[in-house]
Amino acid sequence: MAEAASVAAESLAGSRARAARTVLGQVVLPGEELLLPEQEDAEGPGGAVERPLSLNAGACSRVRVVCGPGLRRCGDRLLVTKCGRLRHKEPGSGSGGGVYWVDSQQKRYVPVKGDHVIGIVTAKSGDIFKVDVGGSEPASLSYLSFEGATKRNRPNVQVGDLIYGQFVVANKDMEPEMVCIDSCGRANGMGVIGQDGLLFKVTLGLIRKLLAPDCEIIQEVGKLYPLEIVFGMNGRIWVKAKTIQQTLILANILEACEHMTSDQRKQIFSRLAES
Amino acid sequence: MAAERKTKLSKNLLRMKFMQRGLDSETKKQLEEEEKKIISEEHWYLDLPELKEKESFIIEEQSFLLCEDLLYGRMSFRGFNPEVEKLMLQMNAKHKAEEVEDETVELDVSDEEMARRYETLVGTIGKKFARKRDHANYEEDENGDITPIKAKKMFLKPQD
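As the structure is a computational prediction, the values presented were derived from the model and not from experiment.

Below, the discussion takes up the sheet that holds strand 16 (residues 227-231) of chain A. Here four strands make up an open sheet; going across it, the order is 15(A)-17(A)-16(A)-2(B) and the pairing antiparallel. This sheet does not close on itself; its edge strands, each paired only once, are strand 15 (198-201) of chain A together with strand 2 (74-77) of chain B. In this sheet, neighbouring strand axes are inclined to one another by 20 degrees on average, regardless of whether the strands run parallel or antiparallel. The pairing of strand 15 of chain A with strand 17 (residues 236-241) of chain A spans four bridges and is classified as antiparallel. Each bridged residue has a counterpart across the sheet, and for A:Lys201 the counterpart in strand 17 of chain A is A:Arg236. Along the sheet, helix 5 (residues 244-256) of chain A makes contact with strand 15, strand 16 and strand 17 of chain A, crossing strand 17 of chain A at roughly 150 degrees.

Tallying the contact residues gives 30 residues for chain B and 48 residues for chain A. Approximately 3800 Å² of surface area, both sides summed, lies buried where chain B meets chain A, with 62% of it carried by carbon and sulfur atoms. Among the residues of chain B in contact with chain A, B:Phe57, B:Ile58 and B:Phe80 are the three that bury the most area, contributing 20% of the side total. At the boundary of chain B with chain A, the tally comes to three salt bridges. A salt bridge links A:Lys89 to B:Asp69, with the nearest nitrogen and oxygen atoms 3.7 Å apart. Looking at side-chain class alone, the side of chain B that touches chain A contains 16 nonpolar, six polar and eight charged residues.

Definitions and cut-offs
Residues numbered from 1 in each chain as written. Chains lettered and ligands numbered in written order. Predicted model: local features only at pLDDT ≥ 70, side-chain atom pairs only at ≥ 80, totals over all residues. Heavy atoms only, no water. Pairing = 2+ DSSP bridges. Helix = DSSP H or I, 4+ residues; strand = E, 2+ residues; numbered from the N terminus. Axes fitted to C-alpha atoms, helices over the stretch in contact; angles between N-to-C directions. Contact = heavy atoms within 4.5 Å. Buried area = accessible area lost by both parts, 1.4 Å probe. Salt bridge = Lys/Arg side-chain N within 4 Å of Asp/Glu carboxyl O. Nonpolar A, V, L, I, M, F, W, Y, C, P; charged D, E, K, R; others polar.

Here's what the structure looks like:
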């Protein structure tokens, strides 16, 4: 990490924009500018020469690039706003460019549209519920946004209940709004999370790591005993098992696995499997 | 008398439509230009060169859903919550095979059950359209199934 940081610091001191392709998987710091592949070809071997952009539409063979979390658009370049590793994903079905993002770590959640989160109902006022999702403001949830809810048939939601829902409005200018149905009107597992269980908080990076398609931790955990887990993108995890002890073991494993190597993890799992 | 003294008409009056019908096209144009001049002098504008908006090819998204393929957030293992397990299969399969969806129509009712129901259905619908005298044919037996009685009771002539 020290070498990566010093390399990054050097490039910052030189204030030259690096090509995004060469930096994939490396640590980037906020304030760096990254060049996209097409621009990198246009810039000569000198690298620091600024060429005036040609407004000739015919010569423009740009593809749409999506800049994800941790990156901002700055003219025609990408500006890094969070520190972490730069990642890239190739476009799946040909709609150009791919996605660049910074894989960073943080504990504070900022509501993002489309994210599925676990919220705690804090207040019930008229037609809406106020749900605490860990952001700067409580999100609002209308009582009609549950499956099969009508004006006469209200959902059975009390203060203190856990809700699994997704955001439909989430930007820095407005209060976030969430719903418990999808665009077709079906619940798809969203709504009030059942009785008992334990809710605890972890870092956002761990949630993404656990929800990755090839996560070994989840596969191993699933073999221990019958259990149920709900992951919220706001860093909250709800677990439930048959006994309180099993639930606590599960919660401890999930909290600790962030800082364990895979060998240590396997040791712990084998010890658990024995007992 | 009218030729000697021209009544002084106000500008607004002259601008009205009925006063302009008599004018020829050139004077009309002049009047319009003068009007435009007056309006444009009153309007404020920025004294900057025209900036052409460049089309940007970079789209900003703050969501991690586009970046990483994440699994569905609810999980259940070893049969703890069967509904969630069904959902897991559904949502993760939907996520993986987005383009081609298998169009296998799931049978809600199996064929055997369909045949059984149809058998009894014939009886009930038949009962509806049978006349009162024929209701005897559609008596229910112990199981509640309506089976039409085959033997019809004929008139037995007394022996003597």
